Amino acid sequence: MADPRETRVLLAHAEDPALRTLDGYKRLAGGYAPLEKAYREMEQDEVLKELEDSGLRGRGGAGFSMGKKASFLPRGEMAKYLCCNADESEPGAFKDRELMQHNPHQLIEGIAIAALAADAGHAFIFIRGEYAAQADILDAAVAEAYEAGYLGTNILGTHRDLELVVHRGAGAYICGEETALLDALEGKRGNPRLKPPFPAVQGLYGGPTLVNNVETLSNAPHIVRNGAEWFRQFGTEQSPGTKVVSVSGGVRRPGNYEVELGIPTRELIFGLAGGPEPGHEVKAFYPGGSSSPVLTPAELDLPYSFEAMAEAGSMLGSGSIIVADDRVSIPHMALRTARFYHHESCGKCTPCREGTNWTVKMLERVVRGEATPMDLDIISSVQSNIMGHCLCVLGDSMAMPVSAMVSKFRAEFEEVMASAGAPLDVETALAAVQGPAETLGAST
Amino acid sequence: MSKAREVTIVVDGREIVASEGQMLHDAAREGDVEIPVFCYDPKLGDPVGACRMCLVEVEGIPKLQTSCSTPVRDGMVVHTRTEQVKEAQNAVVEFLLVNHPLDCPVCDKGGECPLQDISYGWGPGKSRFTDDKRHFQKPIELSPLVAIDRERCILCYRCVRFSQEISEDAQLQLLERGDRTFVGTFDDRPYVAPFHGNITDICPVGALTNYTYRFRARPWDIEQAGSVCTLCPSQCNVSFTVRDEKVKRVLARDNAEVDDGWLCDRGRYGFEMFEAPERIAGPRLRGGAAASWPEAIETAAAGLRAAGGKVAAIVGDASNEEAFMVQQLVREALGSPHVDSRPSRGASREQLLRLAQPNLSAKVSDIDEAAAILVLGTDPLHSSPILDLRIRKAIRRNGAKLAVATERPTALDGGAEAIARYAPGEATHFLSELAAALGGTENVATPLADTLREATGGGADTEPAKVVVIWGERLARDDATDALLDLASALNLTALDGSGLLEIPDFANARGLREAGCLPDAGPGLSEVTIGKPTEEIRAALESGELTGLILFGVDPIRDFPDTPAWETAITAADFVVSFSMHENATTAKADVVLPLETHAEKDGTVTHPDGRLQRVRPSAGRPDAVRPNWHVLSELSAALGHETGIDSQPTAFAALTAAVPFYAGITDADIGGRGLRWQDHAEATAVPSPEAGAPSERFAREEPNAAGASGTTPDRRVASEEGAPASGPSLALGTYRDLWAGPITELNPPLKFLSPQQRLEISLADADRLGLQSGDTVRVSQNGSAIEATVSVKERIAEGTCFLAEAVADGNANALLNGGPVRVEIAKVEAGA
């Protein structure tokens, strides 16, 4: 049941399994009325303007204005594409999974509306292979939408066509990077491309392509239904709307919570997620997935918005809070984070490929008690050598949090290193840092 | 393509004029600012931005930018040596060396290694990395010719991009991910492809090295000698790595007008034959007895004198000067008009004059800008390999539309918009059909004509579209030259600079040989002369006794020319044969005097590229003791025959040549330089004689197309084939081709031996069914008493009614079945154990 402190728009009726079906979606959520409105009553520019005016920012991590991104696509007769990025792989992020699982039609409708705004004739949902259950749900929903005439040729009797394909990824974090996603979709090795050209100009199969996150697109029907002004009443000036926030780690009620952007972070961690286990305290938290620089309890009262997180030297990212309570060893958390990015680095560019590898080796020595204080300086220096020098953001995604951990918790690193006489068993120590909690209901 | 706008940028305070859209890295280099980089090379295509070595500061952009992927804009201000940039450069070098073994003292690349150079120039000088480096088994065979050391690899993507985007063999891949990434092939299969040696040139570290050069020399032991490879008509520019007067390695030498910086594996690895046991290291007399030079010259002169004017010469592997001297020897010293430089029939003087008109000839780099490319009667991969890459580049980078019309499927079919197959012997007919189809007639060539029209028929606002027609000399052998010229006028090739014909001849220096006068009906400069016998008639005249003496210069008719049995008879019947040859072969065994030739690494002279480019072959390596410069031998032989040439050095030989060929007049060594000079671009280009007026078809009686047309359709929907009833009898029309790897070059170079092809009979599915054959069967292929054995290879893309065999293979040479005209063969299965 929804917590009264939540503001449920995207997750409204999520608890009702009927929402997954086309009938249920129409009955419970008034589904596909926005699509009908957009296709029958609105011009492409009007839809685009509505999205731009809403100020909706991308929910995948970068937070770029969705409407503006769509407006970058060139006009004219050519094959244009829309790709829904459902490769949710950031440790700590599990919101798209829930959105697709409970409300697949909301996403499909959002895609159809965004495709109209971008004048795209082909759309793809690139869903991570591990989300097999959600992909099946989407497949069923897409079939229903085709059947009902919301997809396919001459949608609702208009001259507009849209083909939508659900494509299952093969298991690589990097394929969530928009250009690597396009390469993977084209059947190539999933490696990021150089930008520019940006996908909006030259994307899938060389055509102009709009790439948006699941949650971003899920907002589109609501904006078309209620208007940009309605959307702007939620959230802050620079971060309008609601946000589904995944909270995990050292909290009593981990899960997804849909809130207005800008509410105090403390409200999310303590109010909604129940705070740490009794007798424990928050030691640090990632505010926007494992790639965001960690924040400390002193920053708990910051508003949870794009701008406030950026000002604090971190980022809202995909909106995934991971809480480390006072039992968590920060050096181990740093190692676990670095290992993830080392494992997922595609290897295309030098700083990320070698930097993640080197960082892991140094942090392993740190937790084994085999490092020297000089190594901490080298770790920091290596992180700054990675940052801003890579082809895509994966390298920075490790460098930013690791760098923040070393600078904010240097004393703890030194303490761990000092225990040289009794080397820790790395694997056991790492098991203490839990991954995201299982939040799917019994309905799957 | 329109010329890009000029812009001015400032790099490190230096003003540089660049063209708009040019990558900053290239613009800076042209302005003498070096920005270090590993992964980028314009010839590999679009930048990938992988190595991150070329980061620079661009004013107005907060983050450092990779100069390889940043197009210049007017007024751009760039800094490449600021603290911020230096930090990034130091960081990238340090990162690159994290997993690099730094085994420079035992690495072949040491001393000529970009990683070393850039580490010294832009690196921090020391590494803070103290952990274990990654390990791989090393070195291992990537191919029988190339070793891969994955520990040294810095994953710059160059070799993989070459394989994917230049040679398009798509065999090299990056496997695994992150710092576990390595370069390899699917299932660890050997990387066997005709251009794969290029990856050793472009590898910026010692990860990819040639087995032929491993541990042979250090950069300070060697000299690099720029020259030209004359193993095929591509005439790629090369650089010989010479140690102690011997060639140890062949590298590509970038010349955008010729080879684009690539080299095929035959050119790259075909150097051990310079010292092969079969090399003829001094003059010999019949029976193999070594002779002194005076003795050999005297014997040769006496024999030729005895033939009393009934002497003919056939020239093959020769420089322009050598060719000029041979025809001079025959015409002036021996008083015989019989000189040729074609293995079979060829174009007439009149036709050659038409083909030589500068406005009808395309140059290699015209391919880059062509809207449409038409490949006729040749497979560039086998006959002029580097053009295969050039055509692929035009399609990939410039969107050129390719149309292919050949007898046999080609390596370029995959990228072609339209393909037509005509039956062997039907070239003339097909070309006429194509010319008619361009005029609007519906026929078998219509798809090709449509492709050419669509590619060139752009809107009025676009620049006129250029068409390059690449044709094989085989067309001339099939008497299709007039049809080709008609087609050229149907395509209006003379109207546009950049449109034109480009021939792929049979011999590497065919154009030079012809222009130097080695033709039965044309002297130097395609001048009029007393008409002599062409190759086929020379053979017949030797058999009949009408001719009694024969000079062979760099040719082996028994292996390389059509109709092996007749050639064996002719050479046996000849009273006196002088063979100039580099290596022993079936013909030298029958010669009365064998005179050694210099290799292309040893000789000094000029050659003429099929597009008219004069290039200089420079002496790079030492000759075996008893081998003399070829001009010297020819000069002495001429003198011994009573004709003083006045040629006593390469410069005098070149002077004699340019004096005799009007359109070479005035060209100097300096004009040719290291990159060559197209004579069409020289002041005297107008000196090429004009052909008679009128369209060729009006002046030459056209033979009726051969009625025995084979036909059939193939499943590829782009492929149009000749219409007609399937052949009813058991015989099939035979087409032959010269495989890249067939011939002595493969056999004389031990590293290439594994590529030596077996004879395969390629037939269509339908014919295989009809004859009860399947791939792998052994068959006896016979024609009028001659027969060879071959292994059946059933191919989907072969047209019904036709079959193909390779020429010049070691066993079962298809030349044994040819007789100069269209040939039909009988095929009988050889039962195992029979």
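Keep in mind that this is a model prediction, so the values were computed, not measured. (Residues numbered from 1 in each chain as written. Chains lettered and ligands numbered in written order. Predicted model: local features only at pLDDT ≥ 70, side-chain atom pairs only at ≥ 80, totals over all residues.)

K.L.:
Just checking my understanding: could you explain the overall build of chain A for this structure?
P.N.:
When you go through chain A residue by residue, the secondary structure sums to 17 helices and 8 strands. Taken over the C-alpha trace, chain A has a radius of gyration of 22 Å; the compact-globule value for 444 residues is 22 Å, and the two agree within 12%. Overall size of chain A, expressed as C-alpha extent along the three principal axes, is 75 × 45 × 35 Å. When the 444 residues of chain A are sorted by exposure, 58% land in the buried category. Once local pairs closer than 6 in sequence are excluded, the contacts in chain A between residues at least 24 apart make up 72%. (Helix = DSSP H or I, 4+ residues; strand = E, 2+ residues; numbered from the N terminus. Rg over C-alpha atoms; globule rule 2.2 N^0.38 Å. Buried ≥ 20, exposed ≤ 12 C-beta atoms within 10 Å, placed from the backbone. Contact = placed C-beta atoms within 7 Å.)

K.L.:
How should unusual backbone geometry be read in this particular structure?
P.N.:
Negative phi is the rule for most residues except glycine; trans is the rule for most peptide bonds. All names here are of chain A. In this structure, the amide linkage connecting Lys195 to the following residue, Pro196, adopts the cis form with an omega of -5°. Within the secondary structure, Pro196 sits in the loop between α8 (178-185) and β4 (209-213). Here the amide bond leading from Pro196 into Pro197 is cis, since omega sits at 5°, within 30 degrees of zero. Mapped onto the secondary structure, Pro197 falls in the loop between α8 and β4. Located in the positive-phi region is Asn154, a residue other than glycine, with phi close to 50°.

K.L.:
Just checking my understanding: could you explain the interface of chain B and chain A for this structure?
P.N.:
Interface size, as often reported, equals the accessible area lost upon joining of the parts. At the junction of the two partners, chain B supplies 26 residues and chain A supplies 23 residues. In terms of residue count, helix α2 (residues 83-98) of chain B provides more of the side of chain B that touches chain A than any other element does, 6 residues in total. Of the residues assigned to the side of chain B that touches chain A, the class counts are 15 nonpolar, 5 polar and 6 charged. (Nonpolar A, V, L, I, M, F, W, Y, C, P; charged D, E, K, R; others polar.)

K.L.:
Help me understand helix α7 (residues 293-307) of chain B, please; the structure alone is not making it clear to me.
P.N.:
Note: α-helices contain 3.6 residues per turn, so residues at a spacing of three or four share the same orientation. Residues and elements named next belong to chain B. Relative to the 21 Å expected for 15 residues at 1.5 Å per residue, α7 spans 21 Å between its end C-alpha atoms, a close match to the ideal helical length. Those residues of α7 not exposed but buried are Ala296, Ile297, Ala300, Ala301, Leu304 and Ala307. The arc enclosing the buried residues of α7, seen along the axis, measures out at 125°, which places them on a common side. Buried residues in α7 make contact with β14 (284-285), β15 (311-315), β22 (549-553), β23 (576-581), β24 (593-596) and α21 (630-640). Two residues or fewer past α7, Gly308 is found with a positive phi of approximately 55°. (Expected span 1.5 Å × (residues − 1). Arc of directions from axis to C-beta.)

K.L.:
How should the pairing of strand β2 (residues 122-127) of chain A be read in this particular structure?
P.N.:
Here is the key point about a regular strand: its side chains alternate between the two faces of the sheet. All names here are of chain A. Within β2, 5 of the 6 residues are buried, which leaves the element mostly enclosed by the surrounding structure. Note: strand β1 (residues 81-86) against β2, 6 bridges, orientation parallel. Bridge pairing in β2 places Leu82 opposite Ala123. Relative to strand β3 (residues 163-168), β2 runs parallel, the two being bridged by 6 bridges. Paired with Phe124 across the strands is Val165, a residue of β3. (Pairing = 2+ DSSP bridges.)

K.L.:
Teacher, can you tell me more about the confidence of the model for chain A here?
P.N.:
Taken over all residues, the pLDDT of chain A has a mean of 93, while the share at 70 or more is 94%. Considering only residues more than four positions removed or in separate chains, one finds that residues 434-444 of chain A, a stretch of pLDDT under 50, has 16 contacts. (pLDDT = per-residue confidence, 0-100.)

K.L.:
Honestly, the sheet that holds β1(A) in this entry has me stumped. Any pointers?
P.N.:
Hydrogen bonds along the backbone pair up the strands of a sheet, which may run parallel or antiparallel. All names here are of chain A. Reading across from one edge, β3-β2-β1-β4 is the order of the 4 strands in this open sheet, with parallel pairing throughout. On the outer flanks of this sheet lie β3 and β4, each paired with one strand and no other. On average, each strand axis in the sheet is inclined to that of its neighbour by 20°, with strand direction left out of account. On the sheet, α8 packs against β1, β2, β3 and β4 and is oriented at approximately 110° with respect to β1. Packed onto the sheet, helix α9 (residues 214-232) meets β1 and β4 and runs at close to 95° relative to β4. (Axes fitted to C-alpha atoms, helices over the stretch in contact; angles between N-to-C directions.)

K.L.:
Can you help me understand the packing of helix α13 (residues 350-367) of chain A against helix α14 (residues 373-386) of chain A in this one?
P.N.:
Residues and elements named next belong to chain A. Orientation of α13 relative to α14, taken along the N-to-C sense of each, is 160°, at an axis distance of 10 Å. Taken together, the axes of α13 and α14 are roughly antiparallel relative to one another. Judged by the sense of rotation from one axis to the other, the crossing of α13 with α14 is left-handed. Residue-level inspection shows Pro351, Cys352, Gly355, Trp358, Thr359, Met362, Leu363, Arg365 and Val366 of α13 in contact with α14, the latter providing Asp375, Ile378, Ile379, Val382, Asn385 and Ile386. (Parallel < 35°, antiparallel > 145°, perpendicular 65-115°, else oblique. Left-handed = near helix turned anticlockwise from the far one by under 90°.)

K.L.:
So what exactly am I meant to see when it comes to the environment of B:Leu402 here?
P.N.:
All names here are of chain B. Topologically, Leu402 is positioned in strand β18 (residues 401-406). Assessed through the 24 C-beta atoms surrounding it within 10 Å, Leu402 is described here as buried. Along the primary structure Leu402 and Ala307 are separated by 95 residues, whereas in three dimensions their C-alpha atoms are 52 Å apart. In this view, Leu402 contacts Ile373, Val375, Ile391, Ile395, Leu412, Gly415, Ala416 and Glu417; residues no more than four positions away in its chain are not counted.

K.L.:
What am I meant to see in the domain arrangement of chain A here?
P.N.:
Residue and element names in this part refer to chain A. Domains assigned within chain A are domain 1 (17-232), domain 2 (242-325) and domain 3 (330-431). Here the C-alpha centroids of domain 2 and domain 3 sit 23 Å apart. With 9 residues of domain 2 at the contact, the number on the domain 3 side is 10 residues. In terms of residue class, the side of domain 2 that touches domain 3 is made up of 5 nonpolar, 4 polar and no charged. (Domains from an automatic or database assignment.)

K.L.:
What exactly am I supposed to notice about the nonpolar core here?
P.N.:
One recurring pattern in soluble globular proteins is that nonpolar side chains are buried together. Grouped together as the largest cluster of nonpolar side chains are 389 residues, with contacts concentrated most on B:Val326 and B:Ile373. Of all the elements, helix α6 (residues 104-118) of chain A adds the most residues to this core, at 10 residues. What B:Val326 contacts, discounting residues up to four positions off in sequence, is B:Ala313, B:Val315, B:Ala318, B:Cys518, B:Ile551, B:Phe553 and B:Leu634. Among the nonpolar cores identified, the runner-up in size contains 5 residues, and A:Phe306, A:Ala308, A:Met315 and A:Leu316 belong to it. (Core = buried A, V, L, I, M, F, W, Y, C linked by C-beta atoms within 7 Å.)

K.L.:
How should α8(A) be read in this particular structure?
P.N.:
Residue and element names in this part refer to chain A. For α8, the tally of buried residues reaches 7 of 8 residues, placing the bulk of the element in the interior. Among the residues of α8, those classed as buried are Glu178, Thr179, Ala180, Leu181, Leu182, Ala184 and Leu185. Taken together, the buried residues of α8 touch β1, β2, β3 and β4. Trailing α8 by a residue or two, Gly187 shows a phi angle of about 90°, which is positive.

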